[in-house]
Amino acid sequence: MKCFYYFKDRTGNRVQRSSPELKDPDKSDVSADVRVSNSSCSVASQRSIPELYEEKAQNLRVFSFSELRQATNNFNLLLKIGEGGFGSVYKGAIKPVDGKGDPIVVAIKKLNRDSFQGHKQWIAEVQFLGVLEHPNLVKLIGYCAADGKRGIQRLLVYEFMPNKSLEDHVFNRAYPALPWQTRLQILLGAAQGLAYLHEEIEVQVIYRDFKASNVLLDEDFKPKLSDFGLAREGPTAGHTHVSTAVVGTFGYAAPDYIQTGHLTTKSDVWSFGVVLYEILAGRRSLDRNLPRSEQKLLDLVKQFPADSKKFSLLMDPRLDNQYSLNAARRIAKLADSCLMKSAKDRPKMSQVVESLKQIIQVSDEGSPFEKSSECNENDSVDKESSETGVSESGRRRMAHLAKLSEHVGGVSRRGFMIMQRAKVT
Ligand SMILES: Nc1ncnc2c1ncn2[C@@H]1O[C@H](COP(=O)(O)OP(=O)(O)OP(=O)(O)O)[C@@H](O)[C@H]1O
Ligand SMILES: [Mg+2]
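Residues numbered from 1 in each chain as written. Chains lettered and ligands numbered in written order. Predicted model: local features only at pLDDT ≥ 70, side-chain atom pairs only at ≥ 80, totals over all residues.

(A) Spatial organisation of the UniProt feature "binding site: ATP" (unreviewed entry) in the chain. Per the UniProt record, "binding site: ATP" (unreviewed entry) is annotated on Lys 110. Looking at the element boundaries, Lys 110 is found in strand β5 (residues 104–111). Judged by the 21 C-beta atoms lying within 10 Å of it, Lys 110 is buried. Each residue touching Lys 110, except ones within four places of it in the same chain, is listed here: Phe 75, Gly 87, Ser 88, Tyr 90 and Leu 155. (UniProt positions renumbered as here; feature names shortened; annotations may be inferred. Helix = DSSP H or I, 4+ residues; strand = E, 2+ residues; numbered from the N terminus. Buried ≥ 20, exposed ≤ 12 C-beta atoms within 10 Å, placed from the backbone. Contact = placed C-beta atoms within 7 Å.)

(B) Seen up close, the packing of helix α8 (residues 265–281) against helix α10 (residues 325–338). Packing of α8 against α10 leaves a shortest axis separation of 8 Å and a crossing angle of 150°. Taken together, α8 and α10 sit at an angle that is classed as roughly antiparallel. Every pair of crossing elements has a handedness; the one defined by α8 and α10 is left-handed. Between α8, through Val 269, Trp 270, Phe 272, Gly 273, Leu 276, Tyr 277 and Leu 280, and α10, the contact on the second element is made entirely by Ala 328, Ile 331, Ala 332, Leu 334, Ala 335 and Cys 338. (Axes fitted to C-alpha atoms, helices over the stretch in contact; angles between N-to-C directions. Parallel < 35°, antiparallel > 145°, perpendicular 65-115°, else oblique. Left-handed = near helix turned anticlockwise from the far one by under 90°.)

(C) Geometry of the site of ligand 1. Taken together, the neighbourhood of ligand 1 is formed by 21 residues, with Gly 82, Gly 84, Gly 85, Ala 107 and Met 161 sitting nearest. For the shell around ligand 1, the secondary structure elements donating two or more residues are β3 (80–83) and β5. Its residues assigned to classes, the shell around ligand 1 comprises nine nonpolar, eight polar and four charged. Residue assignment places the shell around ligand 1 across two domains, with domain 1 (18–159) and domain 2 (166–378) each supplying three or more. (Near = placed C-beta within 6 Å. Nonpolar A, V, L, I, M, F, W, Y, C, P; charged D, E, K, R; others polar. Domains from an automatic or database assignment.)

(D) Here's a closer look at the pairing of β3. When β3 meets strand β4 (residues 87–94), the two strands line up antiparallel, connected through three bridges. Counterpart to Gly 82 in the pairing with β4 is Val 89. With antiparallel pairing between neighbouring strands as the criterion, β3 and β4 make up a hairpin whose turn holds three residues. (Pairing = 2+ DSSP bridges.)

(E) Region of interest: the environment of Glu 55. If you trace the backbone, Glu 55 turns up in helix α2 (residues 49–56). Separated by 75 residues in the primary sequence, Glu 55 and Gly 130 place their C-alpha atoms 9.5 Å from one another.

(F) Spotlight on the sheet that holds strand β6 (residues 140–148). Strand order in this open sheet of six strands is β2-β6-β7-β5-β4-β3, and the pairing throughout is mixed. Of all strands in the sheet, those bounded by a partner on one side alone are β2 (61–62) and β3.

Listed below in structure tokens is the structure:
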């Protein structure tokens, strides 16, 4: 296949350690998208990611396939910790560079063999993560590219993130509910990661795959963005956007990008807005297990505007009222601004970071009973009391939801039913 051509072993060696040089002949990859000119936007990009990569390539370790096979006990299924569109992820242990000291625990992603798309993404991932460095980006330790008699092998070795992904904690009910403050801190960290990519480095980087499953969590639940396989360099000076084939994840990609293929940093801002609502509601942006009319979170949120009394019905029942309603409303408004139809009306990620910092401050200062005072306003539920316990508060909440749903008509009643389902599953 075309993409494998570049990695074919022309020397005739069966198994070959890859060269750290990863230039891709396919010009659509990483930095060479067709750029469309007609704007005043200017991004001073002197050097491309592949150029920067050449400078930093020596920081990455190059592993042999047998080293990684050993590190994962021959890719033992018991060590498999995840699976994505790219391939399987294993927990493993590698030797320190100098061979001394304790083994280092890592995550090893093994590309599905013979995947053209996966191969392109592997190159992009190595180049971007070889260059980028930020506390909110996952660290790539090294990679392996081996061409053997049974085909090519492409692997990536990352720092191990012990707390899985944001997706696991928000949507998988096998995990305890994430507390409100933790959710806010995760959102702030993820926003800082995106702001770094968009605004803080020599080359502007558009991440293009911002979603809950790509936000990994370290031992302190600090978020780190992973998966740079779809990342692209932003437009160069004098250009508004990059023209690309439309790729990404359904439910997160900006509609303007889907329609035109014009990619900007504001496409990431849209995706961030989607995740803000996912974290508030504890619901996936697209849930195909629900009836068709209820599948899209962004359709649902329109029925529960941030300023309305029924807004609290949108909130994740697993928060069990332990959040600041005022802060939640402000998050929803921030999400609305990220989800503006026109990309240029969306805020920059640095502005999102600032807003989140302010909201977190408000949330910290807010009374824990803020939520229940709103319930009193609605004349439906007594003041929440810390002595009442979870089940009592849950009962009151359901009564409150039922009462509200009578007032807000059929459409919202449907929303209420969704919340009920979310609570019991
Ligand atoms: N560095 C890491 N440390 C610990 N676990 C990881 C690491 N990288 C990935 N994982 C685990 O592997 C899972 C799968 O990751 P992967 O990126 O392959 O797929 P995905 O994000 O679910 O989907 P997609 O292929 O669309 O990105 C993650 O959800 C996470 O649980
Ligand atoms: Mg991923």
